[in-house]
Amino acid sequence: MDERVVVTCFLRHDGAVLLLRRSEEVGSYQGKWGGVAGHAEGDPAGAARQEIREETGLADDDVTLSRRGDSFTVEDADRGTRWVVHPFLFDVVTRDIEPNWETADYEWVAPTIILHRETVPDLWTSYDRVRPTVDTVAGDRDHGAAYISVRALEVLRDEAAVAAMATGDGTDGWERTVNVARALLRARPSMSVVRNRVNRAMYAASGVSSARAVEHVASTAIAHAVTADRRAAERAAERIDGGRVATLSRSGTVLTALTRGAPEAVLVGESRPGREGVDVAETVAAETDVTLTSDAAFAHALAEWTADTLLVGADTILADGRVVNKAGTRSAAIAGSFEGITVDVVAAADKLSPDGTVDLEPREAAELYDGDADLSVHNPTFDVTPPDCIDAIVTERGVLDAAAVREIAAQHREHATWESD
């Protein structure tokens, strides 16, 4: 049997993936749906990016590798071919593509559609190797809470679809889906947005109690989450209004606000130990003047650099106005408040905690100290900023006042009752 090494690439944008229907001009599987695919002898990673450029017109800067899955084999006896498939998942900045002659049609769809389409062999297996899981949600230390919450909803959607397929109408898959939801609720206890968005989806489906219902409402929840995050960023951008902005860590909502707000200049703290602020600085540098500084020097830089606004994201907003965010936010906000700088927190209202739970997610002690001295190490991922140092909490609903906070918290508490039904 002839053996061929190939890549299958899924491009993801706002929870949807790109599926391409193969044209009649290609050499195999004409008319079938697949991802971006091609031969990959020697260098699958390089071949993946080349195929993306050729089949979609997207440049390397337009796509970011999210995950590379383990390869697997597919035997096609009719063709006498054993395919060695290397799956990849990329996040992309746009859905605007320019397909080449290999593609007859294309769609951006929920990946669970693969289960119902005529596809190239084992396309779902390829996606299954790279799709988000409870473990990847729990272990993600590179992205902000909004991004991670959408991944959590993707896990819920995908697992519900698999459960529904296994049980026909999906009703018998309810308990399996409930277990997935509960695992997601435990995955990132510091991030209220993960809990709130999973709870809202399960609350909406609990009246029917079927896996198919969860698949549907999770898909809707993804669209709602993306829209809320984007609108929050637009509100924050209006407040930037071309001024000088400081920020730290990495928040997708803050990045969108910076892009839309057209600041005169941006100061970025590196945000150790992951140094995700460096990535933010590189991204924003394409649009405006950027200064990158160390965490230790950030407070001093706020004074010397004459910022108009300190704009940060939030992993959780507490009902009393405190904000849980990447460690270093508290000292930055205190310094900004002292210097008379406007301190804005931008986040979707889903980040409001319904119960006041604070989890600072301790990191590995060895990141700070791996010596032999008898000492304790305090190395939290997050810290808590007091409300007196914050001028505005900006959401998709506008700037929240105390009454709005109470109302939203009550809604989140109601959604959490699905577990007791």
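First things first, this report covers the structure right here in the doc. (Residues numbered from 1 in each chain as written. Predicted model: local features only at pLDDT ≥ 70, side-chain atom pairs only at ≥ 80, totals over all residues. Heavy atoms only, no water.)

Let us now look at the overall build of the chain. For the chain, the helix and strand inventory stands at 12 helices and 18 strands. Expected size for 421 residues packed as a compact globule is a radius of gyration near 22 Å; at 23 Å, the chain falls within 12% of this value. Oriented by its inertia axes, the alpha-carbon framework of the chain measures out at about 75 × 50 × 50 Å. For the chain, the residues scored as buried account for 54% of the 421 residues in total. If you take every contact in the chain between residues at least 6 apart in sequence, the share linking residues at least 24 apart comes to 72%. (Helix = DSSP H or I, 4+ residues; strand = E, 2+ residues; numbered from the N terminus. Rg over C-alpha atoms; globule rule 2.2 N^0.38 Å. Buried < 20%, exposed > 50% of the residue type's maximum accessible area, 1.4 Å probe, protein only. Contact = heavy atoms within 4.5 Å.)

Take the nonpolar core next. In globular proteins that are soluble, nonpolar side chains generally tend to be buried together. Counting 36 residues, the largest nonpolar core has Val137, Leu156, Leu184, Met191, Val198, Met202 and Val214 as its most contacted members. At the level of elements, α4 (145-166), α5 (174-187), α6 (192-205), α7 (211-240) and β16 (382-385) are the ones that each hand at least two residues to this core. What Val198 contacts, discounting residues up to four positions off in sequence, is Ala152, Leu153, Leu156, Ala181, Leu184 and Leu185. The next biggest cluster of nonpolar side chains, apart from the first, holds 31 residues, and it includes Ala265, Trp305, Ala314 and Val345. (Core = buried A, V, L, I, M, F, W, Y, C linked by side-chain atoms within 4.5 Å.)

The next point concerns the packing of α6 against α7. The contact between α6 and α7 brings their axes to 9 Å, and the two run at 140°. Viewed along their axes, α6 and α7 adopt a mutual orientation that is oblique. For the pair α6 and α7, the crossing hand works out as right-handed. For the pair α6 and α7, the contacting residues are Arg197, Arg200, Ala201, Met202, Ala204 and Ala205 in the first and Ala213, Val214, Val217, Ala218, His224, Ala225, Ala228 and Asp229 in the second. Split by residue class, the contact of α6 with α7 holds 10 nonpolar, 1 polar and 3 charged. (Axes fitted to C-alpha atoms, helices over the stretch in contact; angles between N-to-C directions. Parallel < 35°, antiparallel > 145°, perpendicular 65-115°, else oblique. Left-handed = near helix turned anticlockwise from the far one by under 90°. Nonpolar A, V, L, I, M, F, W, Y, C, P; charged D, E, K, R; others polar.)

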